[in-house]
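Chain and residue survey
Each chain, written out:
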Amino acid sequence: CEKRVLKHLERNAECDFFWDYDSYYTEQGVQEAGRFMRENIIEYKVKDEITHDNMLSVSKKLQAVSCVSNVVQCKYVNTLLRQISPDLKFDKQTAIVLTDESLLMPLLHSLPEIDGDVNVTMGYPIKQTAAYSFVERLIELQKNCRKTDNGVTFYHVDVANILTHPHITNIVGQRAVQLRDKIVKSRAIRVGEEYFAGEDRLLTMFRPTDGYSALSAYLSEVLDYVANNVTEWSDKSFERACISLIADSIDELGNCLKKCDIEITISIYTSLLRRHLQSLRIPFSGEPLQGLQVMGILETRNLDFKNVIILSMNDDNFPGNLSSGSSFIPYNLRMAYGMPTPEHHESVYAYYFYRLIQRAERVDMIYCSQAEQNSTGEQSRYIYQLDYELPYD
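Residues numbered from 1 in each chain as written. Predicted model: local features only at pLDDT ≥ 70, side-chain atom pairs only at ≥ 80, totals over all residues. Heavy atoms only, no water.

**Considering the overall build of the protein**
What counts here: Runs of H or I in DSSP of at least four residues are treated as helices and runs of E of at least two as strands, each being numbered from the N terminus. Exposure is judged per residue with a 1.4 Å probe applied to protein chains only, and the accessible area is read against the type maximum: over 50% gives exposed, under 20% gives buried, and values in between give partly exposed. In what follows, a contact means two residues having at least one pair of non-hydrogen atoms within 4.5 Å. We get accessible surface area from the Shrake-Rupley algorithm with a probe of 1.4 Å; when it comes to residues, only the shown protein chains can shield them. We count Lys and Arg on the positive side and Asp and Glu on the negative side, and we leave His and both chain ends out. The atom standing in for a charge is NZ when the residue is Lys, CZ when it is Arg, CG when it is Asp and CD when it is Glu.
A tally of regular secondary structure across the protein gives 18 helices and 11 strands. Oriented by its inertia axes, the alpha-carbon framework of the protein measures out at about 80 × 55 × 40 Å. A total of 393 residues make up the protein; the buried ones form 45% of that total. Sequence-distant contacts in the protein: of pairs separated by 6 or more residues, those separated by 24 or more amount to 77%. Per element, the accessible surface of the protein, about 21,200 Å² overall, is 51% carbon and sulfur. Across the protein, 41 positive and 54 negative side-chain charges occur, with their mean positions spaced 4 Å apart.

Printed below as a string of structure tokens:
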């Protein structure tokens, strides 16, 4: 679509194209980073050139650092920042780039006392917040809730999980700990409603629901109650923003399902809700023209920095493996009909990477060498490429 629009503009309007690339990866056919750029330069002719030989003409200090864990990566950024600027003063020329967005919080907790601002330009996944874990615990509580002739009972693990959640301990205080201890001492497997007699604050949570619409209303009500009763939050607090985003999403999903006019089971509703919440992000806004810049790889597009620190330079993560993408269309058909293939994904990320470092003077790449469940501990192919192909040490 974009190509057609650009072609139309070129033919029918006064239109100039500017392409920001480097001859290092566009003139060598084997460099996947220049794959789309080579087509674009031919397709859409340039009037004024931007400099194209920065990769080799701007002298660079390149460093790849192996760490034993993700937390150590974040801690090591501290050392690198002190090397770049011993007095910890940063202008907008220094960027910390996270290829794995889940490292944002550990990184922010590991940064030294910086003289000036830190600007975060990325979204934070909602599934890594305390608010999301609270909703998960409420869903589990309702899932294992049982109605009998003698009343309603809850599974003891779910009850303990909610009583020990930081949001609830903040509202109920010491009483939550006492109730949990009482359940542990009595060794009760099922916990009845009578446990919470007289505890109006807890009865909001510990009550049964019937059907997905009742569950939706229950979740909204409990979140609203928590948002209004946690004492330590200010109006602009991060956790309050998370809770309000989740509550809005629950209402949105409920409204969509009402329009569909189909009766669905609670398990389908909870899986839809989880799927939706796991894709949500809390956006951060800051001042991009000053201070230390913290961003994801997609946010670095078309930006130049003198000093770049890239975290999680593992091959599983950057460029990542796209062959396991969720599609039933096999590779050969994708290739034949010009649909995106793993090579396409690799070329796009290679361009982002080389484009980011082409004008940089110092590039520090940190990766976790520990083999884990999600990672082999292998350093990124881009580190190998720089090592074998660039004339720098």
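**Remarks on the packing of helix α7 (residues 130-143) against helix α8 (residues 156-163)**
Rule in force here: Interaxial angles span 0 to 180 degrees and are taken between N-to-C directions of axes, which are lines fitted to C-alpha atoms, for helices over the stretch in contact. Any angle between 65 and 115 degrees counts as roughly perpendicular, while under 35 counts as roughly parallel, over 145 as roughly antiparallel, and the rest as oblique. A clockwise turn of the near helix away from the far one marks a right-handed crossing, whereas an anticlockwise turn of less than a right angle marks a left-handed crossing. All residues other than Ala, Val, Leu, Ile, Met, Phe, Trp, Tyr, Cys, Pro, Asp, Glu, Lys and Arg, Gly among them, are scored as polar; the first ten of these are nonpolar and the last four charged.
Two elements in contact, α7 and α8, have axes separated by 9 Å at closest approach and are oriented at 155°. On the basis of the axis angle, α7 is roughly antiparallel to α8. The element α7 and its partner α8 pack so that their crossing is left-handed. Here Arg137, Leu138, Glu140 and Leu141 of α7 come into contact with α8, specifically with Asp158, Val159, Asn161 and Ile162. When the residues that make up the contact of α7 with α8 are grouped by side-chain class, the tally is 4 nonpolar, 1 polar and 3 charged.

**Quick look at the sheet that holds strand β2 (residues 94-98)**
As a reminder of what qualifies: Each pair of strands is called paired provided DSSP finds at least two bridges between the two strands.
Read from one edge to the other, the open sheet built from 6 strands follows the order β1-β11-β10-β2-β9-β3, with strand pairing classed as parallel. The sheet is open, and its two borders are formed by β1 (61-67) and β3 (118-121), each paired with just one other strand. Averaged over all pairs of adjacent strands, the angle between strand axes in this sheet comes to 15°, irrespective of strand direction. Bridging between β3 and strand β9 (residues 292-296) involves 4 bridges; their strand directions are parallel. Looking at the pairing, Val120 lines up with Val294 of β9. Lying over the sheet, helix α5 (residues 70-84) contacts β1, β2, β9, β10 (307-311) and β11 (362-368), oriented at roughly 160° with respect to β11.

**Notes on α8**
Looking at α8, one finds that the buried residues are Asp158, Val159, Ala160, Ile162 and Leu163. Against the buried residues of α8 lie α7, β6 (151-155), α9 (166-172), α10 (174-186), β7 (190-192) and α11 (200-203).

**Quick notes on the sheet that holds β6**
Pairing within the open sheet is antiparallel, and its 3 strands lie in the order β5-β6-β7. Because the sheet does not close on itself, it has two edges, and the strands there are β5 (146-148) and β7. In this sheet, adjacent strand axes meet at a mean angle of 35° when their direction is disregarded. Against the sheet, α8 touches β6 and β7, its axis set at about 75° to β6.

**Side note on the pairing of β11**
With 7 of its 7 residues buried, β11 lies for the most part within the structure. By the bridge criterion, 7 bridges tie β1 to β11 in an arrangement that is parallel. By the bridge assignment for β11, Lys61 is matched with Arg362. As paired elements, β10 and β11 share 4 bridges and run parallel to each other. Residue Asn307 lies in a different strand from β11, and its bridge partner there is Arg362.

**Notes on the pattern of salt bridges**
Note the cut-off: Each reported salt bridge corresponds to a side-chain nitrogen of Lys or Arg within 4 Å of a carboxyl oxygen of Asp or Glu.
The final tally for this structure, using the stated rule, is 18 salt bridges. Between Lys143 and Glu140 there is a salt bridge; the shortest N-O distance is 3.9 Å. Here the residue Lys143 and the residue Glu140 both occupy positions in helix α7, the gap between them amounting to 3 residues, near one helical turn. Note on Lys143: relative accessible area 56%, which makes it exposed.

**Topic: the packing of aromatic side chains**
Filter applied, for reference: To pair, rings of Phe, Tyr and Trp, with the six-membered ring standing in for Trp, must have centres within 6.5 Å; the planes then decide the type, stacked if under 30 degrees apart, edge-to-face if over 60, and tilted in the middle.
Within the structure shown, the criterion is met by 18 aromatic pairs. Between Trp19 and Tyr44, the aromatic rings sit 6.2 Å apart at their centres with planes inclined by 40°, giving tilted as the arrangement. Of this pair, Trp19 sits in the loop between α1 (2-12) and α2 (23-26) while Tyr44 sits in the loop between α3 (35-43) and α4 (54-57), placing them 25 residues apart in sequence. These aromatic residues form a ring-pair network of at least three members: Tyr24, Tyr25, Phe318, Tyr349, Tyr351, Tyr352, Phe353, Tyr354 and Tyr382.

**Side note on the nonpolar core**
Formally: Nine residue types can take part in a nonpolar core, namely buried Ala, Val, Leu, Ile, Met, Phe, Trp, Tyr and Cys, and a core is a set of them joined through side-chain atoms within 4.5 Å.
Residues Val159, Met205, Phe206, Ile246 and Tyr269 are the most contacted members of the largest nonpolar core, which totals 50 residues. Those elements giving two or more residues to this core turn out to be α7, β6, α8, α9, α10, α12 (212-229), α13 (238-260) and α14 (266-277). Top element by residues in this core is α12. It accounts for 9 residues. Setting aside residues no more than four positions away along its own chain, Met205 makes contact with Phe134, Leu138, Leu141, Gln142, Ile162, Ile168, Tyr218, Val222 and Tyr225. If you look at the next biggest cluster of nonpolar residues, it comprises 36 residues, including Phe17, Ala95, Met313 and Ala350.

That's the geometry; what it means functionally is another story.
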